[in-house]
Amino acid sequence: MSKVTAILDCVAETNDVQIAGLSLLDRLIVTVHRAGCAPICLITETGPATPRARALGINITLASAIPELDEPALTLASAIPELDEPALLINGGVLVETADLQQVIKSGGQLFSTDYVRLPVAMTAGGAGPVSAGKVATPVTDSTSVREAERRLWASLGSSADGIVDRFLNRPLGRYLSKILIRAPFSPNQVSIVSTLVGILSGWSFASGYFISGALLLQLSAIIDCVDGDLARVLYKESRLGKWLDLVGDQLVHVAVFAGIGFGLARSDPASPALALGISAVLGTIASFAVIVRVMQRKSRGKASSLEKLIDATTNRDFSLLVLLFAIAGQLDLFLWMAGIGVHLFWIIALCSQWQDAGRAPSILEKSA
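These numbers come from a predicted model, not from an experiment. (Residues numbered from 1 in each chain as written. Predicted model: local features only at pLDDT ≥ 70, side-chain atom pairs only at ≥ 80, totals over all residues. Heavy atoms only, no water.)

## Some points on the overall build of the protein chain
- Across its full length, the protein chain holds 14 helices and 11 strands.
- Within the span of the protein chain, comprising 369 residues, buried residues form 47% of the whole.
- Partitioning the intrachain contacts of the protein chain with sequence separation of at least 6 by distance along the chain shows that 68% fall at a separation of at least 24.
- Accessible surface, the protein chain: about 18,400 Å² in total, of which carbon and sulfur atoms supply 62%. (Helix = DSSP H or I, 4+ residues; strand = E, 2+ residues; numbered from the N terminus. Buried < 20%, exposed > 50% of the residue type's maximum accessible area, 1.4 Å probe, protein only. Contact = heavy atoms within 4.5 Å. Areas by Shrake-Rupley, 256 points an atom, 1.4 Å probe, with all protein chains shown as cover.)

## A few points about the pattern of salt bridges
- Considering all chains together, one arrives at five salt bridges under this definition.
- E148 is paired through a salt bridge with R151; the nearest N and O atoms lie 2.8 Å apart. Taken as a pair, E148 and R151 lie in helix α6 (residues 143-156) at a separation of three residues, close to a single helical turn.
- Note that E148 is salt-bridged to R152, the shortest N-O span being 2.7 Å. With E148 and R152 both in helix α6, this residue pair falls four residues apart, about one helical turn.
- A residue is classified by how much of its surface remains accessible, and E148, at 26% relative accessible area, is partly exposed.
- A single network of salt bridges, built from pairs that share partners, joins E148, R151 and R152. (Salt bridge = Lys/Arg side-chain N within 4 Å of Asp/Glu carboxyl O.)

## Focus on the environment of L101
- Summarising the element assignment, L101 is placed in helix α5 (residues 98-107).
- Sequence spacing of L101 and V131 is 30 residues, and the spatial spacing of their C-alpha atoms is 9.6 Å.
- Non-local contacts of L101, meaning those with residues more than four positions away in its chain, are made with T31, V32, A35, L88, I90, V96 and V121.

## Here's the deal with the sheet that holds strand β1 (residues 4-8)
- Across the sheet, which stays open at both edges, the seven strands sit in the order β5-β4-β1-β6-β9-β8-β10 with mixed pairing between neighbours. Each edge of the open sheet is held by one strand with a lone partner, namely β5 (60-63) and β10 (130-132). Within this sheet the neighbouring strands show an average axis-to-axis angle of 25°, counted without direction.
- Bridge count between strand β8 (residues 110-112) and strand β9 (residues 118-123): two bridges; the pairing is antiparallel. (Pairing = 2+ DSSP bridges. Axes fitted to C-alpha atoms, helices over the stretch in contact; angles between N-to-C directions.)

## Structural notes on the confidence of the model for the protein chain
- Taken as a whole, the protein chain shows an average pLDDT of 86; of its residues, 85% reach a score of 70 or greater.
- The low-confidence segment residues 67-79, where pLDDT is below 50, has 16 contacts with residues more than four positions distant or belonging to other chains.
- Here residues 361-369 is modelled with pLDDT under 50, and outside its nearest four sequence neighbours on either side it reaches zero contacts, counting other chains as well. (pLDDT = per-residue confidence, 0-100.)

## Examining a nonpolar patch on the surface
- Together, I193, L197, I200, V248 and L252 give the surface a local cluster of nonpolar side chains, amounting to about 410 Å² of exposed area.
- Per element, the largest residue contribution to the nonpolar patch is three residues, and it comes from helix α8 (residues 188-207).
- Residue classification places I200 among the partly exposed residues on the basis of a relative accessible area of 35%. (Patch = residues over 30% accessible without salt bridge, like charges linked within 9 Å, V, L, I, M, F, W, Y side chains within 5 Å.)

## Here's the deal with helix α7 (residues 164-181)
- The terminal C-alpha atoms of α7, which comprises 18 residues, lie 24 Å apart, in line with the 26 Å expected from a rise of 1.5 Å per residue.
- By the largest-angle criterion, N170 marks the main kink of α7, which is about 40°, and a proline, P172, follows within four residues.
- For α7, the set of buried residues is V165, D166, N170, R171, G174, R175, S178 and L181.
- Of the surrounding elements, those touching the buried residues of α7 are α6, α8, α9 (211-234) and α13 (319-329). (Expected span 1.5 Å × (residues − 1). Bend = angle between axes of the 7 residues up to and from the residue.)

## Looking at unusual backbone geometry
- A cis amide bond links A38 to the next residue, P39, at an omega of 0°.
- If you check the backbone angles, A20 has positive phi at about 50° while not being a glycine.
- By the element assignment, A20 lies in the loop between β2 (18-19) and β3 (22-23).
- Judged by its relative accessible area of 1%, A20 falls in the buried class.

## Re the packing of α7 against α9
- α9 packs onto α7 with a crossing angle of 60° between their chain directions and a minimal axis gap of 7 Å. Relative to α9, the element α7 lies oblique. Handedness of the crossing formed by α7 with α9: right-handed. Taken together, the residues of α9 that come into contact with α7 (itself represented by D166, L169, N170, R171, L173, G174, R175, L177, S178 and L181) are Q219, A222, I223, C226, V227, D230, L231 and R233.
- Looking at the contact of α7 with α9, its residues break down into nine nonpolar, four polar and five charged. (Parallel < 35°, antiparallel > 145°, perpendicular 65-115°, else oblique. Left-handed = near helix turned anticlockwise from the far one by under 90°. Nonpolar A, V, L, I, M, F, W, Y, C, P; charged D, E, K, R; others polar.)

## Some remarks on the packing of aromatic side chains
- Going through the model one piece at a time under the given rule, you end up with three aromatic pairs.
- Between F258 and F319, the aromatic rings sit 6.1 Å apart at their centres with planes inclined by 40°, giving tilted as the arrangement. Here F319 lies in helix α13 and F258 lies in helix α10 (residues 240-268), a separation of 61 residues in the sequence.
- F258 sits in the buried class, given a relative accessible area of 6%.
- Centroid distance F319 to F335: 6.1 Å. Interplanar angle 10°. Geometry classified as stacked. Of the two residues, F319 sits in helix α13 while F335 sits in helix α14 (residues 332-368), which places them 16 residues apart along the sequence. For the pair shown, F319 and F335 are each scored as buried.
- Three or more aromatic residues joined by ring pairs make a cluster, and in this case those are F258, F319 and F335. (Phe/Tyr/Trp six-rings, centres within 6.5 Å; stacked < 30°, edge-to-face > 60°.)

This is the structure:
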């Protein structure tokens, strides 16, 4: 796929504006790059500070001036010799998403916000009509619009694996911490490790018989677990290592919690089947992890299927609130029965679904050929 030149004639308006820890210009450069644009040309006399773009290795070209755009394609080509085709032009302060820019490039049109405000984003060829932006896109011109842009940006952050508890409890509570940590020297991966350690500590508390304390620590771990994703997305620090740290950390927490509850309940009542149920839940977690890893490998080869939705729906931290409620009610043995049986149902269903997808794969390939 051929690259489209991007021209940012908005350095003065965006360089000093901070949106969630990064300058608006830095955000625009990274977003333009992710939309598939190259080269990226800034209309400025001196190179502005764009630490995140440079950390990602994004090449930036500087141009001292740009003529009046009476005939955009012609005048831009004369100002920038490399430009002989329509380019993406951003000539004002604006917060946009990658998908917005991709739509503008694809249609060759002018971007408008959801409330029908004309945004300073368009292809230089023009004439293709308006393009509707997503919910995040908004002009940034003053302190009020900066606050609105930050509000929209934070509201857009989330994960496909978020369950009901994540959306309405864990992520809103974790967001207060996220807004503090964006200006602190902590990486998303370090936050993931802290979340895992807190979760493992909750397992130790369960094993020691401190069931409510263990449940509260597990809930805290779930809240912190939402912060690493927030930081990674808002600061453009997503990585393959971070994804695996998060996934492996979740499984370690599950193992620690299931084993801890089983051991703790068995200590308080040796006649109960709690230890066997805890071991069953741990073994089911390991089997489930093996299935998840296989699905992720298929996804990396472009073979992901609807099975991902099942995994997202069943591997979130929503159960942390359930554990807390059962602990308060003194009924953790009921949760252990659910976990000891449920995890096995999950990996069996997921494995069967994977086999069915593999059986349908040839017909899908033939259909796309």
